[in-house]
Amino acid sequence: MATKTATKIRKAPAKAPIKTVAKAAKVAKPAKLTDTVVSRQPAKARAETGVVLQELKSLAKELSKAAKGLESRNGKKGQPKEISTVLGNVERMTAEAATKSLYEAEAAQQGVKIVRDSLSKNWSREQIEAQLKDVSAHLTNIVVAQEFQDLAGQSLRQAIKALVGAIIMVEGGGPTEDRRLSQTEIDGLLQNLMA
Amino acid sequence: MADRSAYKFLVVDDFSTMRRIVRNLLKELGFTHVDEAEDGAVALDKLKANKYDFVVSDWNMPNMDGLTLLQSVRADANLKGLPFLMITAEAKKENIIAAAQAGASGYIVKPFTAGTLQEKMDKIFDKMGM
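Small disclaimer: the values here were computed from a predicted structure and weren't measured.

1. Considerations on the overall build of chain B
Helices and strands together make up the secondary structure of chain B, namely five helices and five strands. Along chain B, from the amino end to the carboxyl end, the secondary structure elements read β-α-β-α-β-α-β-α-β-α. Put simply, chain B has 130 residues, and 58% of those count as buried. Considering only intrachain contacts with a sequence separation of at least 6, the fraction spanning at least 24 residues in chain B is 64%. Entry remark: accessible area of chain B is about 5200 Å², with carbon and sulfur atoms responsible for 47%.

2. Here's the deal with the packing of helix 5 (residues 125-145) of chain A against helix 1 (residues 16-28) of chain B
Packing of helix 5 of chain A against helix 1 of chain B leaves a shortest axis separation of 9 Å and a crossing angle of 155°. As far as their axial angle goes, helix 1 of chain B and helix 5 of chain A are roughly antiparallel. Regarding helix 5 of chain A and helix 1 of chain B, the two cross each other, and that crossing is left-handed. Listed contacts from helix 1 of chain B to S136, T140, V143 and V144 of chain A of helix 5 of chain A are I21, N24, L25 and E28 of chain B.

3. What about the interface of chain B and chain A?
Contact with chain B, which involves 43 residues of that partner, is made by 34 residues of chain A. When the buried area of chain B at its contact with chain A is split by residue, F15, E28 and K92 of chain B rank highest and sum to 17% of it. Where chain B meets chain A, there are three salt bridges. With a shortest N-O distance of 2.2 Å, D150 of chain A and K110 of chain B are connected by a salt bridge. Elements that contribute at least two residues to the side of chain B that touches chain A include exactly helix 1, helix 4 (93-102), strand 5 (106-109) and helix 5 (114-128) of chain B. Top contributing element to the side of chain B that touches chain A by residue count: helix 5 of chain B, with seven residues. Residues belonging to the side of chain B that touches chain A are distributed by class as follows: 19 nonpolar, 11 polar and 13 charged.

4. Looking at helix 4 of chain B
All names here are of chain B. Every buried residue belonging to helix 4 is among N95, I96, A99, A100 and A102, and all of these are buried. Angularly, the buried residues of helix 4 cover 165° about the axis, an arc narrow enough to put them on a single face. Where helix 4 ends, the next residue or the one after it, G103, has phi of about 105°, a positive value.

5. A short note on the confidence of the model for chain A
Residues and elements named next belong to chain A. Chain-level statistics for chain A give a pLDDT mean of 67 and a share of 52% at 70 or above. Confidence scores differ between elements of chain A, with helix 2 (residues 36-40) showing the lowest mean pLDDT of 36 and helix 5 the highest of 90. Residue range residues 1-41 is modelled with pLDDT below 50. Its contacts to residues more than four positions away, or to other chains, number 80 contacts. Taken as a whole, residues 169-177 scores under 50 in pLDDT and shows nine contacts with residues more than four places along the chain or in a different chain.

6. Some remarks on the pairing of strand 3 (residues 54-57) of chain B
All names here are of chain B. Of the two faces of strand 3, the one holding F54 and V56 and the one holding V55 and S57 are both buried throughout. Across three bridges, strand 3 lies against strand 4 (residues 84-88) in parallel orientation. Residue pairing across strands places V55 opposite F84, the latter belonging to strand 4.

Calculation rules
Residues numbered from 1 in each chain as written. Chains lettered and ligands numbered in written order. Predicted model: local features only at pLDDT ≥ 70, side-chain atom pairs only at ≥ 80, totals over all residues. Heavy atoms only, no water. Helix = DSSP H or I, 4+ residues; strand = E, 2+ residues; numbered from the N terminus. Buried < 20%, exposed > 50% of the residue type's maximum accessible area, 1.4 Å probe, protein only. Contact = heavy atoms within 4.5 Å. Areas by Shrake-Rupley, 256 points an atom, 1.4 Å probe, with all protein chains shown as cover. Axes fitted to C-alpha atoms, helices over the stretch in contact; angles between N-to-C directions. Parallel < 35°, antiparallel > 145°, perpendicular 65-115°, else oblique. Left-handed = near helix turned anticlockwise from the far one by under 90°. Buried area = accessible area lost by both parts, 1.4 Å probe. Salt bridge = Lys/Arg side-chain N within 4 Å of Asp/Glu carboxyl O. Nonpolar A, V, L, I, M, F, W, Y, C, P; charged D, E, K, R; others polar. Arc of directions from axis to C-beta. pLDDT = per-residue confidence, 0-100. Pairing = 2+ DSSP bridges.

As structure tokens, then:
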């Protein structure tokens, strides 16, 4: 049933400890980047992530530079500074997503290795199943980490829009970024509104 | 309780990556009947032409945004009871108020986790007796 399956999904914080099914599987502690076993296979993925990140970073830097140039020419402080903040956030988001993806990929690799090793250890079906679920959870976390693309994309659009606005010297101040609420604050607010 | 795994979802987001993420998460939660729409206008057409049990929508989209889609859904006699979950980067107080006033069933702010999605969906299911 859906609800049962649902309960199997775990949250994906980078610090989440990896559960193991056997004592022998203790090696599945959060993967170390220096671990030779796990650092072999994600190399391709790491390289690809690196290229995307590099491109995003250089784009962010270019835009940031352009924003600073506009600021000094126009003597206007507001917009370009906001743009710098937005672009800084893009850089942070991409870095976080990459770190999280790499961590989860390496943890999944480690999990696969444990299952592979179990072939010579006479594991029960339940043990193997539990370990595979663990690997699956890491893969789900990698999927979720890709949401940075959506957020970064929105931020870049916002920055580009603000930059274009500054270039054609259209006054209007741009959106003053109100404070973003956290999920907990949103839940509380919704509860009050819907009561 | 109904067999929730048979529910049909419509995921609305202009970013294909995001649609894919939500689709994947729903699959992990046991929901395999998932359709997608790239904006509110396409979504509304799909909702009118097919039967869906749940809508998961972004806010900022071209053509028709998520809030307008939500208002259109609530204004349509055939669709007004549809559970509607907003997943968006819009996290200002006025956004939340507007969504609540328009009749959103739930609101998730990006970035979010699989656990948050599960929690909000369970809450909506319980509230709507699904």
